[in-house]
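Coordinate analysis (summary)
As a plain string of letters, each chain reads:
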Amino acid sequence: NNKIVFPELFFTDKNLVGRDVLKISRNLSDLKGIFADAEAFERMPQNQLAYEVSSFLPEKEGTPGGLYFGITYLYPGKVGNEYMMTKGHYHANVDRAEFYWGLEGEGMLILMDGQRNVWAEHVFPGSLHYIPGGVAHRMANTGSSLFSFAACWPSDAGHNYAEIAENGFSARLMEVNGVPHLI
Ligand code: F6R
Ligand code: ZN
């Protein structure tokens, strides 16, 4: 498979050399409850791969001042008319910011502030996105090929998935007449 490769780890700090890249994958079954069309979701193979994340975490989780780097590979598809997407989260340390940038394929970055206002940004190879502190973030693949993006976030950000799992985002990215709409 020809997906974008993780950068070569190239550091002069001897303590970092040889650290592993952490790889996690999410199947459809890990995304239960996040899509609007629960019946369409149940009809799909639950072991279908939805996305993979490769991360380089050179500091211990929670270290103030450190940075993490990751690439997410989000596969194309739809659940009903809703585009395949990541779970989405606030950071546990809610004021911690993050950069996302597009690598291959295309998608939309869905953002929600603390007042539940939602907006979205078009992500494409070379686009750069700043996610301010306090803003929940989720990516959707709006294309028909693999959508890959990179991320850089503070090592003391942490992840708050519970808030999104319970209350979702206040808008969804749906395909209407062949094009994505925030509804
Ligand atoms: C890290 C970050 C990304 C996501 C990844 C998967 O703070 O925002 O690396 O973790 O794109 O999405 P989630 O974590 O929402 O399943
Ligand atoms: Zn994040």
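A few points on the structure.

Definitions and cut-offs
- Residues numbered from 1 in each chain as written.
- Chains lettered and ligands numbered in written order.
- Predicted model: local features only at pLDDT ≥ 70, side-chain atom pairs only at ≥ 80, totals over all residues.
- Heavy atoms only, no water.
- Helix = DSSP H or I, 4+ residues; strand = E, 2+ residues; numbered from the N terminus.
- Polar contact = N/O pair within 3.5 Å; in protein donor to acceptor, adjacent residues only side chain to side chain.
- Contact = heavy atoms within 4.5 Å.
- Near = heavy atom within 4 Å.
- Areas by Shrake-Rupley, 256 points an atom, 1.4 Å probe, with all protein chains shown as cover.
- Phe/Tyr/Trp six-rings, centres within 6.5 Å; stacked < 30°, edge-to-face > 60°.
- Buried < 20%, exposed > 50% of the residue type's maximum accessible area, 1.4 Å probe, protein only.
- Pairing = 2+ DSSP bridges.
- Axes fitted to C-alpha atoms, helices over the stretch in contact; angles between N-to-C directions.
- Donors = N, O, S within 2.8 Å, 3.2 Å for Na, K, Ca; no water.
- Tetrahedral: all angles 85-135°; square planar, octahedral: opposite > 155°, others 65-115°.

Quick word on the side chain of Ser 127
Topologically, Ser 127 is positioned in the loop between strand S8 (118-123) and strand S9 (128-131). A polar contact is formed between the side chain of Ser 127 and the side chain of His 129, at a distance of 2.7 Å. Each residue touching Ser 127, except ones within four places of it in the same chain, is listed here: Tyr 100, Trp 101, Gly 102 and His 122.

Comments concerning the site of ligand 1
Lining the immediate surroundings of ligand 1 are 15 residues, of which Tyr 51, Thr 72, Gly 88, Tyr 100 and Tyr 161 lie closest. Contact between ligand 1 and Thr 72: an oxygen atom at 2.8 Å from a side-chain N or O atom of the residue. Between ligand 1 and His 91 there is a distance of 3.2 Å, counted from an oxygen atom to a side-chain nitrogen or oxygen. Protein coverage of the free-state accessible area of ligand 1, which is 390 Å², stands at 96%. For the shell around ligand 1, the secondary structure elements donating two or more residues are strand S2 (49-56), strand S6 (98-104) and strand S11 (147-154).

Describing the packing of aromatic side chains
As enumerated under the stated definition, the model contains 7 aromatic pairs in all. When the centroid spacing of 5.5 Å and the interplanar angle of 70 degrees are considered together, the rings of Phe 6 and Phe 69 count as edge-to-face. In this pair, Phe 6 sits in the segment before strand S1 (22-27) while Phe 69 sits in strand S3 (residues 67-74), placing the two residues 63 residues apart along the sequence. For Phe 6, a relative accessible area of 18% corresponds to the buried category. Judged by centre distance (6.0 Å) and plane angle (25 degrees), the ring pair of Phe 35 and Phe 41 falls under stacked. There is no split in this pair, since Phe 35 and Phe 41 are both buried.

Let's talk about the sheet that holds S11
With antiparallel pairing, the 6 strands of this open sheet are ordered in space as S1-S2-S3-S11-S6-S9. Of all the strands in the sheet, the pair left with one neighbour each is S1 and S9. Sheet twist, expressed as the average angle between the axes of neighbouring strands with direction ignored, equals 20 degrees. In the sheet, S1 pairs with S2 via 6 bridges, with the strands oriented antiparallel. Across the sheet, Lys 23 pairs through a bridge with Ser 54, a residue of S2.

Things to note about the side chain of Asp 156
Checked against the element boundaries, Asp 156 lands in the loop between S11 and helix H2 (162-167). The residues touching Asp 156, leaving out its near neighbours within four places in the chain, are Gly 62, Thr 63, Pro 64, Asn 93 and Arg 96.

Focus on unusual backbone geometry
Phi angles above zero are rare outside glycine, and Arg 116 is one such case at about 65 degrees. Considering the arrangement of structural elements, one finds Arg 116 in the loop between strand S7 (107-112) and S8. What makes Arg 116 partly exposed here is its relative accessible area of 32%. Positive phi is not limited to glycine here, since Asn 177 has a value of about 50 degrees. Take Asn 177: it is sitting in the loop between strand S12 (173-176) and strand S13 (179-182).

Points about the coordination of the zinc ion (ligand 2)
Surrounding the zinc ion (ligand 2) are the protein donor atoms His 89 (NE2), His 91 (NE2), Glu 98 (OE) and His 137 (NE2), at 2.1 to 2.3 Å. Classification of the site at the zinc ion (ligand 2) as octahedral follows from its 6 donor atoms and the range of 71 to 171 degrees in their angles at the metal. Spacing between the donor residues of the zinc ion (ligand 2) along their common chain follows H-x1-H-x6-E-x38-H. By relative accessible area, His 89 is classed as buried at 8%.

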